[in-house]
Every structure is written in structure tokens, then in C-alpha cells.
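Here's the letter readout for the chains.
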Amino acid sequence: MKKVSLLLVCFGFLALGSSTSSAKDKRVIVKFKGATRADLVWANGGIVENEFRILKGVSAVIPEERLARLWAHPAVEYIEEDRLVYAIGKKPPSQPAQTVPWGVSKVNAPLAWTLTTGYNVNVCVVDTGIELTHPDLKDNIAWNVSFVTGAKTGNDDNGHGTHVAGIIAGVNNSIGVVGVAYDVNLAAVKVLNKSGSGYTSWVIKGIEWCVANNMDVINLSLSSETYSQAEEEAINTAYNAGLVIVAAAGNDAQTGNNVQYPAAYSTVLAVSATNKDNAIASFSSYGDWVDIAAPGVDIYSTYKGGTYATLSGTSMAAPHVAGCAAALLAFNPALTNAEVYAKLTSTATDLGSAGWDAYFGWGLVNLYAALQ
Ligand SMILES: [Ca+2]
Ligand SMILES: [Ca+2]
Ligand SMILES: [Ca+2]
């Protein structure tokens, strides 16, 4: 077995069983004035899940943009959210007020938000999944799928992928955090299990899904010290299909600084981690394959259980760059992946020794500069 680790702490890469659903669909209860008209739900692109006998209505999943039209139909009495109900004492934690995490500010995302917020760009988080019900993420999760044996959906039972997703696209609302590109469509692609490990074959299936489903950007906050020809071929195919592929450089600086894959494949943008003072993180792997740097120390983001957590790792650095790539693509959809790589690296803020170096690559990613 090939071991792949999450670049947060050390973790290992197996597949099947998949499901997809769109969270931009809404779960609703539809009550009718007379006889139940399930046909109206179907006619509006919805899926009827239950027909009630106790009242003249149905529960359904329906695209948000069709709700108004359905409600306007004379046969419909009302539509309400199919709200979550909790066992007494099991309410989710109350939500903190929204703050902008330091890393999001450091890459100049807030300055860029008047120009782009990532709208209409599709970003695959190939990881432990994303918590599908997280109040600060759910509105941005458009797809979920699992390639982990025993896991049926892209829901995150670990926490790592949820943290990564919040850095890219925490929702801009009144709670929690806000992501670098808070209007993208996220795909929760689960390839790592509850303990944060998975087989290379699961990762390959995840990348295959991203290509088959017209994704624009893939974030890979995972790694292995062992080269895989199959994984490299899958990533090269994704690159040749036009996708931007961002990977964490690894957390191996103090434990051998071995070359890390997939970061070291030539078609991948490899990201090292910096702290608040723009110094390289002590754990951040370095080498001639590092392309760019981003915040990765003490990063506050979304976490499982509807909560938030502060974590460190190149796992946290890569999604800052993935978010910048998505925002750049939303701003200029004509850019190729090679042009996105070139824009981000040529406009990065040089750190360390002059020009490219093995710690920071071309420097600290700067979204606002990349848009000029
Ligand atoms: Ca928020
Ligand atoms: Ca590279
Ligand atoms: Ca430099």
C-alpha cells in the first residue's frame, strides 16, 4: 500500500460507492390547497421524497431558482424549509460572528473582492470530504462524492477537508469565516477516510471525477513520499484537460525533507507554508519543486461538528492558492491553466533570497496583484 498523508499532520491513500447531489438544491415541504400535486414538483425539476397522508403535501428537493415559480402555482398553499430537528440537548454549537482570517487578508483577497469572488468557478476539494451541513459552508457545496470504502457520501468524518474548504470558500455571511473565493461551487470529493488516510487508487478516482464533471481547480492537501506513475499520469491527464491542480508541499522539513508527491509532479502548483511574519513555516518541505508560498500557520477555518478550528500545515497553504486560482479564473475565464500558474507565480511577493528560491518558490501568492 502506498501511504499518502494529509499535510496537516501525518496521515496515509482505497474505492467505491459514490453519490452526488447538489446543495444549491433546497429541501422543502410543499403543502397543496386541494389534492396533492407531486407532478408540479417534478415539473419544476424537483425530486419528491415523501408524500404525506397526514397532510396534503410532499417533501422534496428542488432547485432553489424554481421555488418561486412553484409557489406561484394556484394549487400550492405554501412551501417551507424542511428544517433540521434535534434531540433535546444536541443542538449544534452557536456560531461566532464572522471574521476575516489573517491568511485570507495576507493574500490580498479582501482587496480583490470588488473585482472577483470566484463566482461560477468549480473547485474540487479532494480530501476527507466536507461537512455537508456546516452552516458556514453548505450554501457553497454543489456536489459531493465518495471513493472511500464504507463512506457513501462526500461528508467529512475527519475535519481536515472541512478546514481546507473554509479557506477556499467559507460563506460570506454573518458567521464564522470567509474564504478567499467565497462564491465558488465546491465539490466535496472524499478520498481519505475518517483517520485521514486513503489509497492512491481512491485519489486517482477522485481526480477522474473532477475531470469528468468539468471542474476548474483541484486542491490536493495530501501527500506521499513515494512516487506513483499512475497518480502522475492521472494528474497529467487532468492538467491536459485544462484543470488547475494545486498541492501542498508537505510538512517534512524537519523529518528528512523528502520529495513529496503529488506536489512534485511538474503539472502541479506546489505550495509551501508561511506564517504571519512572512517567514517560512518550520515544518514546510522545500526543494526545487516548490512553486509558490501561502499562509499555513495558525489558520482559523471551519471544522467538523459545525465548529471552527485553528490548524497549521501546508494543507492550509494550498487552499489559499487554490482560492486565488479560482478567483482569477472567475475574473478572466479565458485564461488557460498554464496562464493561471504564470500569473500567480509572476505576481507573487518575493520573499527570502532574491527571485525564485527553494523555500518560497516565486514568493507569497498575492491575488490582488494577479488581477492587475
Ligand atoms: Ca462566514
Ligand atoms: Ca510545479
Ligand atoms: Ca525569493
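Please refer to the structure placed before this passage.
Quick summary incoming for the structure in this document.

1. Some points on the coordination of the calcium ion (ligand 2)
Surrounding the calcium ion (ligand 2) are the protein donor atoms Val268 (O), Asp291 (OD) and Asp291 (OD), at 2.4 to 3.2 Å. Placement of the pair is Val268 in the loop between β11 (244-248) and β12 (269-274) and Asp291 in the loop between β12 and β13 (292-295), with a sequence separation of 23 residues.

2. Some thoughts on the nonpolar core
Among the nonpolar cores identified, the biggest contains 86 residues, and Leu186, Val189, Ile218 and Leu344 are the most heavily contacted of them. Sorting elements by how many residues they give to this core places helix α8 (residues 314-331) first, with 10 residues. Discounting chain neighbours no more than four positions away, the residues touching Ile218 are Cys124, Val126, Ile207, Cys210, Ala238, Leu243, Val244, Ile245 and Val246.

3. As for unusual backbone geometry
Backbone geometry follows two general trends: most residues other than glycine have a negative phi, and most peptide bonds adopt the trans configuration. Omega for the bond connecting Tyr261 with Pro262 falls within 30 degrees of zero, at 15°, which places this linkage in the cis form. Counting through the fold element by element, Pro262 comes out in the loop between β11 and β12. Even without being a glycine, Asn257 presents a positive backbone phi close to 45°. Within the secondary structure, Asn257 is located in the loop between β11 and β12. Its identity is not glycine, yet Asn278 carries a phi of approximately 65°, on the positive side. You can see Asn278 is positioned in the loop between β12 and β13.

4. Considering the coordination of the calcium ion (ligand 3)
Looking at the calcium ion (ligand 3), the protein donor atoms are Asp350 (OD), Leu351 (O), Ser353 (O), Gly355 (O) and Asp357 (OD), and they sit 2.3 Å from it. Of note, the donors binding the calcium ion (ligand 3) are all from one chain and are spaced D-L-x1-S-x1-G-x1-D.

5. Concerning the sheet that holds strand β3 (residues 47-51)
Where strands meet in a sheet, backbone hydrogen bonds hold them as pairs that are either parallel or antiparallel. Across the sheet, which stays open at both edges, the 4 strands sit in the order β3-β4-β2-β5 with antiparallel pairing between neighbours. Strands with a single pairing partner mark the edges of an open sheet, and in this sheet they are β3 and β5 (76-81). The sheet shows a mean angle of 30° between the axes of neighbouring strands, taken without regard to direction. Note that strand β2 (residues 25-32) and strand β4 (residues 57-63) share 7 bridges and pair antiparallel. Bridge pairing in β4 links Ile29 to Ser59.

6. Considering the environment of Ala327
By the secondary structure assignment, Ala327 is in helix α8. Classification of Ala327 as buried rests on a relative accessible area of 0%. A sequence separation of 212 residues divides Ala327 from Leu115, and the C-alpha atoms of the two residues are 8.9 Å apart. Not counting the four nearest positions on each side in its chain, Ala327 is found in contact with Thr116, Gly118, Ala181 and Leu367.

7. Thoughts on the pairing of β12
The buried fraction of β12 amounts to 6 of the 6 residues, a majority that puts the element mostly inside the structure. Of the two faces of β12, the one carrying Leu269, Val271 and Ala273 and the one carrying Ala270, Ser272 and Thr274 are both buried. Across 3 bridges, β11 lies against β12 in parallel orientation. Paired with Ala248 across the bridge in β12 is Val271.

8. Notes on helix α6 (residues 200-212)
Over its 13 residues, α6 runs 18 Å from end to end, which matches the ideal 18 Å to within 8%, given 1.5 Å per residue. Within the span of α6, buried status applies to Thr200, Trp202, Val203, Gly206, Ile207, Trp209 and Cys210. One or two positions beyond α6, positive phi appears at Asn214, with a value near 60°.

9. Some thoughts on the pattern of salt bridges
Evaluated as defined, the whole model comprises 7 salt bridges. Of the charged contacts in the structure, one is a salt bridge between Arg27 and Glu49, with a shortest N-O distance of 2.7 Å. Of the two residues, Arg27 is situated in strand β2 and Glu49 in strand β3; the sequence distance between them amounts to 22 residues. Of the residues examined, Arg27 reaches a relative accessible area of 41% and is grouped as partly exposed. Here Asp39 ties to Arg37 by a salt bridge, and the two come within 2.9 Å at their closest N and O atoms. When its relative accessible area of 31% is taken as the criterion, Arg37 is described as partly exposed.

10. Quick look at the sheet that holds strand β7 (residues 141-146)
With parallel pairing, the 7 strands of this open sheet are ordered in space as β7-β8-β6-β9-β11-β12-β13. Looking along the sheet, the strands with just one partner apiece sit at the ends: β7 and β13. On average, each strand axis in the sheet is tilted by 25° relative to the strand beside it, whichever way the strands run. Bridge analysis of strand β6 (residues 122-127) against strand β9 (residues 217-220) gives 3 bridges, and the strand direction is parallel. By the bridge assignment, Val123 is partnered in β9 with Val217. Sitting on the sheet, α6 is in contact with β6, β7, β8 (185-190) and β9, with an inclination near 150° to β8.

What counts, and at which threshold
Residues numbered from 1 in each chain as written. Chains lettered and ligands numbered in written order. Predicted model: local features only at pLDDT ≥ 70, side-chain atom pairs only at ≥ 80, totals over all residues. Heavy atoms only, no water. Donors = N, O, S within 2.8 Å, 3.2 Å for Na, K, Ca; no water. Helix = DSSP H or I, 4+ residues; strand = E, 2+ residues; numbered from the N terminus. Core = buried A, V, L, I, M, F, W, Y, C linked by side-chain atoms within 4.5 Å. Buried < 20%, exposed > 50% of the residue type's maximum accessible area, 1.4 Å probe, protein only. Contact = heavy atoms within 4.5 Å. Pairing = 2+ DSSP bridges. Axes fitted to C-alpha atoms, helices over the stretch in contact; angles between N-to-C directions. Expected span 1.5 Å × (residues − 1). Salt bridge = Lys/Arg side-chain N within 4 Å of Asp/Glu carboxyl O.

Just geometry here; none of it tells us what the structure is for.
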